[in-house]
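Given next are the chains, with one letter for each unit.
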Amino acid sequence: MIVTTTNSVEGYQISEYKGIVVGEAIMGANVVRDVFASITDIVGGRSGAYESKLQDARETALAELEDRARAKGANAVVGVDLDYEVVGQSMLMVSASGTAVVLG
């Protein structure tokens, strides 16, 4: 399945629009607060543990997006947007949304 942030796929024509699809992943365990607190401690460094958790959440959201597009009969998702939101005081939600399409 092709997943892209662009509104079209070079070399293909969109033959059918199947609708908007969304995938979400929520991370907990005070990650958001710890990330911002650790930034001041690291000073210019990077936190591999948090980057890994964010990557996992992003991959989960995108996999869910693809599954929902397949369920609609699509073979691609265009116009994908990734959003990161704080939920409550200790959770982070990664949301991936786009338009499920059939490429011809």
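No experiment lies behind these values; they were computed from the predicted model shown. (Residues numbered from 1 in each chain as written. Predicted model: local features only at pLDDT ≥ 70, side-chain atom pairs only at ≥ 80, totals over all residues. Heavy atoms only, no water.)

Student: Would you take a moment to explain the sheet that holds strand β2 (residues 14-27) for this structure?
Tutor: Backbone-to-backbone hydrogen bonds pair the strands of a sheet. The strands run either parallel or antiparallel. Here 4 strands make up an open sheet; going across it, the order is β1-β3-β4-β2 and the pairing mixed. At either margin of the open sheet sits one strand with a lone partner, and together these are β1 (2-3) and β2. (Pairing = 2+ DSSP bridges. Helix = DSSP H or I, 4+ residues; strand = E, 2+ residues; numbered from the N terminus.)

Student: What should I look at first to understand the nonpolar core in this one?
Tutor: General note: in soluble globular proteins, nonpolar side chains tend to be found buried as a group. Counting residues in each nonpolar core, the largest one holds 14 residues, and the members touching the most others are Val21, Ala57, Ala61, Leu65, Ala69, Val77 and Ala100. Looking at this core, the elements with two or more residues in it are β2, α2 (48-71), β3 (76-87) and β4 (91-103). Excluding residues within four positions of it along the chain, Ala61 makes contact with Gly23, Glu24, Ala25, Val94 and Ala96. Among the nonpolar cores identified, the runner-up in size contains 5 residues, and Val9, Ala76, Val101 and Leu103 belong to it. (Core = buried A, V, L, I, M, F, W, Y, C linked by side-chain atoms within 4.5 Å. Buried < 20%, exposed > 50% of the residue type's maximum accessible area, 1.4 Å probe, protein only. Contact = heavy atoms within 4.5 Å.)

Student: Whenever I open this one, the environment of Leu103 confuses me. Can you help?
Tutor: One can find Leu103 in strand β4. You can call Leu103 buried: its relative accessible area is 11%. A C-alpha to C-alpha distance of 5.6 Å links Leu103 and Ser15, two positions 88 residues apart in sequence. With residues up to four places along the chain from it excluded, the contact list for Leu103 reads Ile2, Val9, Tyr12, Gln13, Ile14, Ser15, Asn75 and Ala76.

Student: I would appreciate a short explanation of the pairing of β4 in the present structure.
Tutor: Remark: a regular strand shows side chains that alternate across the two faces of the sheet. With 12 bridges joining them, β2 and β4 adopt antiparallel strand pairing. Residue pairing in the sheet places Tyr17 in a bridge with Val101 of β4. The sheet contact formed by β3 and β4 spans 10 bridges and is antiparallel. Directly across from Val77, in β4, lies its bridge partner Ala100. Between β3 and β4, which pair antiparallel and follow one another directly, the connecting turn spans 3 residues, one of which, Gly88, has a positive phi of 65°.

Student: Sorry if this is basic, but what is going on with the environment of Met93 here?
Tutor: One can find Met93 in strand β4. Judged by its relative accessible area of 24%, Met93 is partly exposed. Along the backbone, Met93 and Met27 are 66 residues apart, and their C-alpha atoms lie at a distance of 6.3 Å. What Met93 contacts, discounting residues up to four positions off in sequence, is Glu24, Ala25, Ile26, Asp83, Tyr84, Glu85 and Val87.

Student: Even after reading the chapter, I still don't get the confidence of the model for the protein chain, so can you show me in this structure?
Tutor: Keep in mind that low pLDDT regions are not for reading the predicted coordinates in detail. Overall, the prediction assigns the protein chain a mean pLDDT of 86, with 79% of residues at 70 or greater. Per-element confidence in the protein chain is highest for β1, whose mean pLDDT is 98, and lowest for helix α1 (residues 31-42), whose mean pLDDT is 58. (pLDDT = per-residue confidence, 0-100.)

Student: Which parts of the structure should I look at to understand the side chain of Ser95?
Tutor: Turning to its location among the elements, Ser95 is positioned in strand β4. Here Ser95 falls in the buried class, since its relative accessible area comes to 13%. When near neighbours in sequence (up to four residues on either side) are disregarded, Ser95 contacts Val22, Gly23, Glu24, Asp81, Leu82 and Asp83.

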